[in-house]
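Inside the fold
Residues per chain are reported as follows:
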Amino acid sequence: MNTPSYLRRLSKAINARDDELRPALFGFLLFLCLFAGYFMLRPIRESMGIAAGVENLQWLFTLTFLVMLVAVPLFAWLSSRVPRLRFIDWVYGFFGINLLVFVELFQFVPDSTWLARAFYVWISVYNLFVVSVAWSLMADVFDSEQAKRLFAFIAAGASVGGLLGPALSTVLIGSVGASGLMLLAALLLGITLVLKQALMRWRQVGGAGRPGSVPTENPRRPLPGNPFSGITAVLRSPYLLGIAGFVVLLATVTTFLYFEQARLVAEQFPDRDSQVRVFGIIDFVVQAGALVSQLFITGRIAQKLGVRVLLAVVPVLMCAGFVGLALAPGFALLATLMVVRRIGEYAFVRPGREMLFAPLDAESKYKAKNFIDTVVYRGGDAVSAWAKSLLDMLGQGAGLVALIGAGCALVWAYLGWHLGLRVDHQQKQLSIADAAQI
């Protein structure tokens, strides 16, 4: 059956082949629903954090990390007993039920400080888990070559959801309240399960590219290993340890910039309305810039220049930016650096990071990846936050922080280049093998 011309044009626009258009759109919509639901809930989380006491936020971050330490082995235990085909159903179903429970609890005790703290920690865990599992699914469904072409477009769904979610929250909060937004987020989570089923069906009928390009583990069987096999897999593999180090450095650079942004915004814009306006402008520019980059730039860079460029270009820019901050600190430069970092993370670093998992086995894609995305990421957050606080207590000023940030960004770029180089080399070998068979 001939493909209609408008679908061929759409496939070309998103860098997909004709038979990949439908699954690429399913992946795009899955992330749109996931992030629209999360970004509707994020303003509720921020208000809960204030209700729980601003002075307690660092402890909420620490508690989130401790919850991760408990949740990850449970996550791995479940994956060892539930067929991979149904694993996401269990995880998303669990979080959906949690949302419904919070709806009821907030009806009975809407002003409870402890409930506010519990919701803040829960949604911080929820965000990392559902996003990590969604990317595990994409790495499972698409092979390395497809990931290079399609992951940027799929990630654009997250940017659209990031724009749509706050708009829905602003429009609906007055009529449906926080509980109504939680119900809508649970509904969107349910829609992602329908899209996930469609993606796995496409994978099962051989839609994932060349024979042998995707590991052949049966998705109807549970993953091998014990509750701690994801952790041990990371510790045994230099490649996975490299990804873990990449994530820690990403979290460190992000935290340093976040703290400096908070300090400079407080100094430059003392009233809350001005602060909200500034953050709102930054968020809009970031989401719009990331969306344009994901749709038209990222996939083509990955194909022409390789994953190594996706993973190294943003850290190099951050290194230069930190040096600039050390020499001439100011809000304008910091704001520009924050916008570049966030656009770069959404458009280049995150899709590139997920491409690193596409050639791996299912256990690495789900268990090891989840450990890195949750425990390692939050651990990097916590350690770098306390390190930044210690530097501030020593009174060395923003210059020292910027220089340390530049050093971290330089190591981050080095790791990103070498991790991406391995994937690019593997993809080149597959292409040579394909050409030899023709």
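Predicted model only: the values in this text are computed from it and were never measured.

Section: the overall build of the chain
- Within the chain one finds 14 helices and 0 strands.
- What you see in the chain, going N to C, is helices and strands ordered as α-α-α-α-α-α-α-α-α-α-α-α-α-α.
- Classification of the 438 residues of the chain by burial places 54% in the buried group.
- Across the chain, the fraction of contacts at a sequence separation of at least 24, relative to all contacts at a separation of at least 6, is 84%.
- Put simply, the chain shows about 19300 Å² of open surface, and 68% of that area lies on carbon and sulfur atoms.

Thoughts on the environment of S132
- Following the sequence through the fold, S132 ends up in helix α5 (residues 113–141).
- Sequence separation between S132 and K365 is 233 residues, and the spatial gap between their C-alpha atoms is 9.6 Å.
- Filtering out sequence-adjacent residues up to four positions away, S132 remains in contact with K369, N370 and D373.
- At 2.9 Å, the side chain of S132 forms a polar contact with the side chain of D373.

With respect to the side chain of D373
- Tracing the backbone shows D373 in helix α13 (residues 362–394).
- In terms of polar contacts, D373 uses its side chain to reach the side chain of R353, at 3.0 Å.
- If we skip the residues at most four places from it in the chain, D373 touches L128, S132, R350 and R353.

Let's talk about the nonpolar core
- Among the nonpolar cores identified, the biggest contains 129 residues, and Y92 and M138 are the most heavily contacted of them.
- With residues up to four places along the chain from it excluded, the contact list for Y92 reads L34, V130, V133, A134, L189, T192 and L193.

Considering the packing of aromatic side chains
- Using the criterion set out here, one finds 22 aromatic pairs in the structure.
- Plain terms: the ring middles of F95 and Y126 are 5.4 Å apart, the flat faces sit at 75° to each other, and that makes the pair edge-to-face. Taken together, the positions of F95 in helix α4 (residues 84–108) and Y126 in helix α5 put the pair 31 residues apart, joining distant regions of the chain.
- Using a relative accessible area of 6% as the deciding quantity, one classes F95 as buried.
- Its relative accessible area of 1% is what places Y126 among the buried residues.
- Here the aromatic residues F75, F87, F94, F95, F102, F106, F119, W122, Y126, F129 and Y366 are joined through ring pairs into a cluster of three or more.
- The cationic tip of R308 hangs over the ring face of W417; the distance from NZ or CZ to the ring centre is 5.5 Å.
- Across the ring face of Y239, the terminal group of R422 is positioned such that the distance to the ring centre comes to 4.0 Å.

Quick notes on the confidence of the model for the chain
- The predicted model of the chain averages 82 in pLDDT, with 85% of residues at 70 or higher.
- Per-element averaging of pLDDT across the chain places helix α9 (residues 272–296) at the bottom with 73 and helix α11 (residues 307–327) at the top with 93.
- Here residues 209–215 scores under 50 on pLDDT; set against residues more than four positions off or in separate chains, the count is 20 contacts.

Some words on a nonpolar patch on the surface
- Taken together, L63, L66, V67, L69, V70 and L74 make up a surface patch of nonpolar side chains, about 510 Å² in accessible area.
- Looking at where L69 falls in the secondary structure, it is placed in helix α3 (residues 57–79).
- We classify L69 as partly exposed; its relative accessible area is 41%.

A look at the pattern of salt bridges
- Counting across every chain of the model gives 15 salt bridges.
- A salt bridge links R308 to D424; the shortest N-O distance between them is 2.8 Å. Taken together, the positions of R308 in helix α11 and D424 in helix α14 (residues 397–437) put the pair 116 residues apart, joining distant regions of the chain.
- Relative accessible area serves as the criterion here: at 9%, D424 is assigned to the buried category.
- Taken together, the salt bridges that share partners define one network made up of R350, R353, E354, K369 and D373.

Brief notes about the packing of helix α6 (residues 144–204) against helix α12 (residues 331–355)
- Direction vectors running N to C along α6 and α12 enclose 130°, while the axes themselves pass 9 Å from each other. It follows from the interaxial angle that α6 and α12 lie oblique. Considering the relative orientation of α6 and α12, their crossing is right-handed. Two secondary-structure elements touch here, α6 through A147, K148, F151, A152 and A155 and α12 through Y346, P351, E354 and M355.
- Tallied by class, the residues present in the contact of α6 with α12 amount to 7 nonpolar, no polar and 2 charged.

With respect to the side chain of S124
- Inspection of the secondary structure assignment puts S124 in helix α5.
- Only 2.9 Å separates the side chain of S124 from the backbone oxygen of Y120, close enough to count as a polar contact.

Quick notes on the packing of helix α7 (residues 229–236) against α13
- As a packed pair, α7 and α13 sit with axes 8 Å apart at the nearest point and diverge in direction by 90°. As far as their axial angle goes, α13 and α7 are roughly perpendicular. Within the contact between the two elements, α7 uses S229, G230, I231, A233 and V234 and α13 uses E363, K367, A368, F371 and I372.

Some points on the environment of I404
- As for its placement among the helices and strands, I404 is situated in helix α14.
- Each C-alpha atom, one on I404 and one on F322, is 8.5 Å from the other, the two residues being 82 residues apart in sequence.
- Those residues in contact with I404, other than ones at most four positions away along the chain, are F256 and L391.

A closer look at α12
- Here α12 contains 25 residues, and its C-alpha end-to-end distance of 34 Å stays within 8% of the 36 Å for a straight helix at 1.5 Å per residue.
- The principal kink in α12, of about 50°, is found at E345.

Points about the environment of T255
- Looking at where T255 falls in the secondary structure, it is placed in helix α8 (residues 238–268).
- Since its relative accessible area comes to 6%, T255 is described here as buried.
- Sequence separation between T255 and A385 is 130 residues, and the spatial gap between their C-alpha atoms is 6.3 Å.
- Here T255 is in contact with D381, S384 and A385, once residues within four sequence places are set aside.

Calculation rules
- Residues numbered from 1 in each chain as written.
- Predicted model: local features only at pLDDT ≥ 70, side-chain atom pairs only at ≥ 80, totals over all residues.
- Heavy atoms only, no water.
- Helix = DSSP H or I, 4+ residues; strand = E, 2+ residues; numbered from the N terminus.
- Buried < 20%, exposed > 50% of the residue type's maximum accessible area, 1.4 Å probe, protein only.
- Contact = heavy atoms within 4.5 Å.
- Areas by Shrake-Rupley, 256 points an atom, 1.4 Å probe, with all protein chains shown as cover.
- Polar contact = N/O pair within 3.5 Å; in protein donor to acceptor, adjacent residues only side chain to side chain.
- Core = buried A, V, L, I, M, F, W, Y, C linked by side-chain atoms within 4.5 Å.
- Phe/Tyr/Trp six-rings, centres within 6.5 Å; stacked < 30°, edge-to-face > 60°.
- Lys NZ or Arg CZ within 6 Å of the ring centre and 35° of its normal.
- pLDDT = per-residue confidence, 0-100.
- Patch = residues over 30% accessible without salt bridge, like charges linked within 9 Å, V, L, I, M, F, W, Y side chains within 5 Å.
- Salt bridge = Lys/Arg side-chain N within 4 Å of Asp/Glu carboxyl O.
- Axes fitted to C-alpha atoms, helices over the stretch in contact; angles between N-to-C directions.
- Parallel < 35°, antiparallel > 145°, perpendicular 65-115°, else oblique.
- Left-handed = near helix turned anticlockwise from the far one by under 90°.
- Nonpolar A, V, L, I, M, F, W, Y, C, P; charged D, E, K, R; others polar.
- Expected span 1.5 Å × (residues − 1).
- Bend = angle between axes of the 7 residues up to and from the residue.

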